[in-house]
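Listed here are the chains, written in short residue letters.
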Amino acid sequence: MTAINPTQPNRAKPAPDRTILLILFFVVTSALLLSSHNQAVLNGSLGGLLRNPIFEALVVSLFLANVLFAYLWRAAPWARALVGIGSLLLVLPMAGREDTSLLDLSIQIMIFSALALGLNIVVGLAGLLDLGYVAFFAVGAYTWGIFASPRLSSILKYYGENPGATNAATLAIGLFLLVVTAASMIYMRRMSDKTAPTRLSSWAFGLASFGLLAGIILTVRAIAVLGASNAAGLATGIDSNFFWLFLALSIMAAAIVGVLIGLPVLKLKGDYLAIITLGLGEVIRVLANNLDLYTAGSQGITPIKSAAVPWFNSLAGFLGFSEDQYYLLFLYVLVLVVVGVILLVNVRLDRSRIGRAWIAIRDDEVAAQAMGVPLVQTKLIAFATGASFAGVMGMIFAAKQTFISPESFNLFQSIGVLSMVILGGMGSFPGVILGATVVTLLNLRILPGLGEATANIPWIPQQVNPGQLQRLVFGVILVTIMLLRPEGLLPNKRRVLELHHDENQEDDSAEGNAGALGTGTGDVYSPGKAPTKENDRSGGAK
Amino acid sequence: MDLATLLPFLVNVIVGGLVLGFVYAIIALGYTMVYGVLQLINFAHSEVFVTGAVVGFEVFRILAPNPMNGYLKLLIALVSAMLISGGLNVLIERLAYRPLRNAPKLVPLITAIGVSLILQDVLRVIEGFQGRFDLTYTLPDAFGVKFCAAESSCVGVGNFLRTIGVDLQVKDVILIVVALLSLTVLNYVVNRTRLGKAIRAVAQDRVTAGLMGIDSNLMISATFLIGGALGGISGVLYGMKVGTLNAYSGFEPGLVAFTAAVLGGIGSIPGAVLGGLLIGVIQKLVSVMSVLGDLVGSKNLATIDDSYSKMGAFVVLVLILIFKPTGLLGKSNTEKV
């Protein structure tokens, strides 16, 4: 996966046609993947090499490179389609039939791709650095996790035993508070676009948010108390057919949390926004850790149901999958579809009015506002869209793991997703998918492989296990990419054009358009080309 | 619940909070000074500070069998932590921030996060090769005893504290003294010397400072050196205070200290100290809320346990940034187009 070149716009001759090469590569890597997961071959003389975790990771990486090359190389369309669809829908599930962990890995990669795509909207397109992104993932996961597990009945049981003074009137009050405060918050935000916010208005806003919180608490409490009699019937959570409804609900829940977090914080800029989102992300994790009744605290929730799809199961059985693989295969296909949809939504959004508004805000907030882009609304949409992708994936993650605990949603995960976006190239959809794939492979295959390989070397103590060097890997990715290639591995075409434009012309306006996150847009910003002698006087302290 | 039991309890909480607050204040100074000159949140500062703590641990560990005076050991630990952390901070600036000086604001922020992660694992690996992960300070015995245990051994302030029932260890007193000393020195350097004047000039306007013949790169390096040295001091103090830490434990106090810097008004040195002390007391208050709940007899208070004390700082941060982003002592600056 090293030969990655961005398409050069003004290349003299077109790239050579690589149809044959692509097909050849596909056949070879597929054969390699399938044979390295075949029991008969594994028992043969090559078994020792094939079982080597590093070699295994290499095979999987090479195979996944198929999809990348099908996207990058110039080849006949039928070949590209064949390789892309063939790898994802045929070869990978076939290999996964022999080795379930491969399916698991693929689902993990897709989940992180979707997360990276979501964060890409927030960071890459709208230029808002969100370090608490994983909070939305957690919201999605807990939305399904609480309802589709024994947690639900224990919550209802608790409220059945401690109803307090709650009755139907509480429900009415709660709903009333919810509607009134939410409406007034939205109204106040609208107003602050037109008039400068005063001290009074910000206090009023704070008051309204407390009201909203109270409304939510009252409503949830009332519903729990009123529904307490159903506790016995829901011993293992709600019916798994609700999965499809919750797919929509988790999107909504995450988007709402995105808006709720976004409303107060989006008036902040750059680094302050980063730190406040980091703080809020941690707050959500600490809450998940402490609200024992709802989230079972650090023990986590288990077992969480997955969807029940009989026809799919019989299909999987027909294809020779064993019974315990059905739900993984189902989730694999589901995740594939969801990532496809998310990608489509992304591409359409990028080319739409709102996508251009995001990019305008990223490049220069003041100028965008002057051109009539409503700042708060546009940023909120970015936040909510990004959050909703994370929400739906969180739910699928919960269904796949059948177990969630607050530890799955720490700050470190947020930074991991950020490094995927940075590695692939902010604002570039294929880039962030590549970034997610590379980082997830590193995380789940290559580093553990290295850890296993070095486990028996005496001079490497247990404390230095390379399997746990994720932080170092993320850190190196963030630093080196930012220093050497800020546009990422697979940059956005528009970015490349901008870069090219600046190379050809003396751009004396470069200093003025210091945007929020326009990486590598000009000579001055491209650190690779920065003058070796630091020019002190050019960077205004702003 | 009567006043006679409640009052000493509250006094102890406030004193304990202040002790913690001094550590936060010194860490916060590292953030605020860098922010003052570069408008950059130095995410790696929490690791610079942990490096200081690790250096302190190593010094105390190596010197543990040595019969020399405990205070001399402390001095050696502080000086070596200052040098190493300060040097590390300068190195980080040179390698990871200076090449990006003219890049958009978020780019150095992202490298700062990256540097912070790299340092965490580098520290872990360095200590890991000696088979350690959790580092427990081996302090001289004299540091662990109660301050002013006997009436005869203390005078003046110590006696007063003893009579009102304040429970302090010797190491807490050392911590406060060292913190106050470094604050005084810092105040002198920043406000009374040519170097401090130059740093303040660079912080105010790098371009004009350059025109006045100030080498702003040098001054930025000096700021990172001072900030790193403060990080080293605070690392040793923090290590003494908490006793056990590891390569990853810088994140939380780092974020709390950053909150303190924002609370006081980021970029303002007195603000960082004020913010640190306030946050220390707030955090201590939240962490003893359950004990207080038992004392007062409130069932709701009693359910707030120690794990919320971390959240207390975050909530403070969020509230300040929403309602008063300039902090208590900060100056507001409007965005220039």
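A. Quick look at the packing of aromatic side chains. Under the defined criterion, the tally for this structure stands at 26 aromatic pairs over all chains. Here Tyr158 of chain A and Tyr159 of chain A contribute two aromatic rings whose centre-to-centre distance is 5.4 Å and whose plane-to-plane angle is 80°, an arrangement assigned as edge-to-face. Under the relative-accessibility criterion, Tyr158 of chain A is labelled partly exposed at 38%. Residue Tyr159 of chain A is classed as buried on the basis of its relative accessible area of 5%. A connected cluster of aromatic rings, assembled from ring pairs, spans Trp144, Phe147, Phe243, Trp244, Phe246, Trp311, Phe312 and Phe330 of chain A. Across from the ring centre of Phe412 of chain A, 4.6 Å away, lies the NZ or CZ of Arg471 of chain A, which sits over that ring. Geometry around Tyr248 of chain B places Arg471 of chain A over its ring, the cationic atom sitting 3.7 Å from the centre.

B. Quick look at the pattern of salt bridges. Overall, the coordinates contain 13 salt bridges over all chains when judged by the stated rule. Across the salt bridge formed by Arg445 of chain A and Glu56 of chain A, the nearest N and O atoms sit 3.7 Å from each other. With a gap of 389 residues between them, Arg445 of chain A in helix α20 (residues 429-454) and Glu56 of chain A in helix α4 (residues 53-72) connect regions that are remote in the sequence. With a shortest N-O distance of 3.7 Å, Lys241 of chain B and Asp172 of chain B are connected by a salt bridge. Here Lys241 of chain B, found in helix α10 (residues 216-242), pairs with Asp172 of chain B, found in helix α7 (residues 170-192); they are 69 residues apart in sequence, far enough to count as distant. By relative accessible area, Lys241 of chain B is classed as partly exposed at 26%. Relative accessible area serves as the criterion here: at 8%, Asp172 of chain B is assigned to the buried category. Each of the salt bridges in this network shares a partner with another, and the network as a whole consists of Glu58, Arg61, Glu127 and Arg132 of chain B.

C. Looking closely at the interface of chain A and chain B. Facing the 65 residues of chain A at the interface are 61 residues of chain B. Summing both partners gives a buried area of about 5700 Å² for chain A against chain B, and 71% of it is carried by carbon and sulfur. If you sort the residues of chain A by the area they bury against chain B, Asp271, Tyr272 and Arg471 of chain A come out on top, with a joint share of 12%. On the surface where chain A and chain B come into contact, there are zero salt bridges. Seen at the junction of chain A and chain B, the total is three residue pairs in polar contact (both at pLDDT 80 or more). Elements supplying a minimum of two residues to the side of chain A that touches chain B: α10 (199-226), α12 (270-290), α19 (411-424) and α21 (470-484) of chain A.

D. Spotlight on the environment of Ala64 of chain B. Along the chain, Ala64 of chain B turns up in the loop between α2 (45-63) and α3 (70-97). If we skip the residues at most four places from it in the chain, Ala64 of chain B touches Lys73 and Thr138 of chain B.

E. Up close: empty space enclosed by the protein. All names here are of chain B. On inspection of all chains with the given rule, the structure shows six cavities of 30 Å³ or more. Of the pockets and cavities examined, the largest cavity occupies roughly 50 Å³. As for the largest cavity, its lining consists of Val54, Leu123, Arg124, Glu127, Gly128, Arg132, Phe133, Leu135, Asn246 and Ala247. The dominant element in the lining of the largest cavity, judged by the number of residues it contributes, is helix α4 (residues 106-128), at four residues.

F. Structural view of the packing of helix α1 (residues 19-36) of chain A against helix α5 (residues 77-98) of chain A. Residues and elements named next belong to chain A. Packing of α1 against α5 leaves a shortest axis separation of 10 Å and a crossing angle of 0°. In terms of their interaxial angle, α1 and α5 are classed as roughly parallel. Across from Thr19, Leu22, Ile23, Phe26, Ser30, Leu33 and Leu34 in α1, the residues of α5 making contact are Trp78, Ala79, Arg80, Leu82, Val83, Gly86, Ser87, Val91, Leu92, Met94 and Ala95. Considered class by class, the residues forming the contact of α1 with α5 number 13 nonpolar, four polar and one charged.

G. Structural context of α4 of chain A. The end-to-end C-alpha distance of α4 of chain A is 28 Å, a good match for the 28 Å that 20 residues give at a rise of 1.5 Å each. Of all bends in α4 of chain A, the biggest is about 25°, found at Asn66 of chain A.

H. Structural context of α10 of chain B. Residue and element names in this part refer to chain B. Over its 27 residues, α10 runs 38 Å from end to end, which matches the ideal 39 Å to within 8%, given 1.5 Å per residue. When you tally the buried positions in α10, you get 23 out of 27 residues, the bulk of the element. Sitting at the amino-terminal end of α10 is Asp215, which places a side-chain oxygen 3.3 Å from the backbone nitrogen of Asn217. Following α10 by one or two positions, Gly243 has its phi on the positive side, about 85°.

I. Focus on the confidence of the model for chain A. Residues with a pLDDT of 70 or more make up 88% of chain A, whose mean pLDDT is 81. Residue range residues 504-542 of chain A is modelled with pLDDT below 50. Its contacts to residues more than four positions away, or to other chains, number 75 contacts.

Criteria and cut-off values
- All chains use their own residue numbering, which begins from 1 and follows the written sequence.
- Whichever chain is written first is A, and whichever ligand is written first is 1; the rest continue in order.
- Where local features are concerned, this predicted model is filtered to residues with pLDDT of at least 70; where side-chain atom pairs are given and counted, the filter is 80 or more; whole-chain, interface and lining totals use all residues.
- Side-chain numbers here rest on the full set of heavy atoms in the structure, without hydrogens or water.
- In this scheme Phe, Tyr and Trp rings, the latter by its six-membered ring, pair at centre separations within 6.5 Å, and the angle between planes marks the pair as stacked below 30 degrees, edge-to-face above 60, and tilted otherwise.
- Summary of the burial criterion: residues with accessible area below 20% of their type's maximum are buried, those above 50% are exposed, and those between are partly exposed, where the area comes from a 1.4 Å probe applied to protein chains only.
- For a lysine, the NZ atom is tested; for an arginine, the CZ atom; a charge sits over a ring if that atom is within 6 Å of the ring centre and within 35 degrees of the ring normal.
- The working definition used for a salt bridge is a side-chain nitrogen of Lys or Arg within 4 Å of a carboxyl oxygen of Asp or Glu.
- Starting at the N terminus, helices and strands are each numbered in turn, a helix being any DSSP run of H or I of at least four residues and a strand any DSSP run of E of at least two.
- Whether two residues are in contact is decided by their heavy atoms: any pair within 4.5 Å suffices.
- What gets called buried area is simply the loss in accessible area from a 1.4 Å probe that two parts show on being joined, summed for both.
- Pairs of N or O atoms within 3.5 Å make up the polar contacts considered here, provided that, within protein, one atom can donate a hydrogen while the other can accept it, and that residues adjacent in sequence are counted only when both atoms are side-chain atoms.
- Using only the protein atoms, space was sampled on a 1 Å grid; points where a 1.4 Å probe fits but cannot get out form cavities, open sets with protein on both sides within 12 Å along at least five of seven lines form pockets, and lining residues are those with an atom within 4 Å of a point.
- Grid points are joined across faces, edges and corners, and a volume is the space filled by probe spheres set on the points.
- Comment: axis = line fitted to C-alpha atoms, over the contacting stretch for helices; angle = value between 0 and 180 degrees taken between N-to-C directions.
- Should an angle lie under 35 degrees it is considered roughly parallel, over 145 roughly antiparallel, and from 65 to 115 roughly perpendicular; all remaining angles are considered oblique.
- Residues are sorted three ways: Asp, Glu, Lys and Arg are charged, Ala, Val, Leu, Ile, Met, Phe, Trp, Tyr, Cys and Pro are nonpolar, and all the rest, Gly among them, are polar.
- To estimate the expected span of a helix, subtract one from its residue number and multiply by 1.5 Å.
- The angle between axes fitted to the seven residues ending at a residue and the seven residues starting there is what we call the bend at that residue.
- How sure the predictor is of each residue is captured by pLDDT, a score from 0 to 100.

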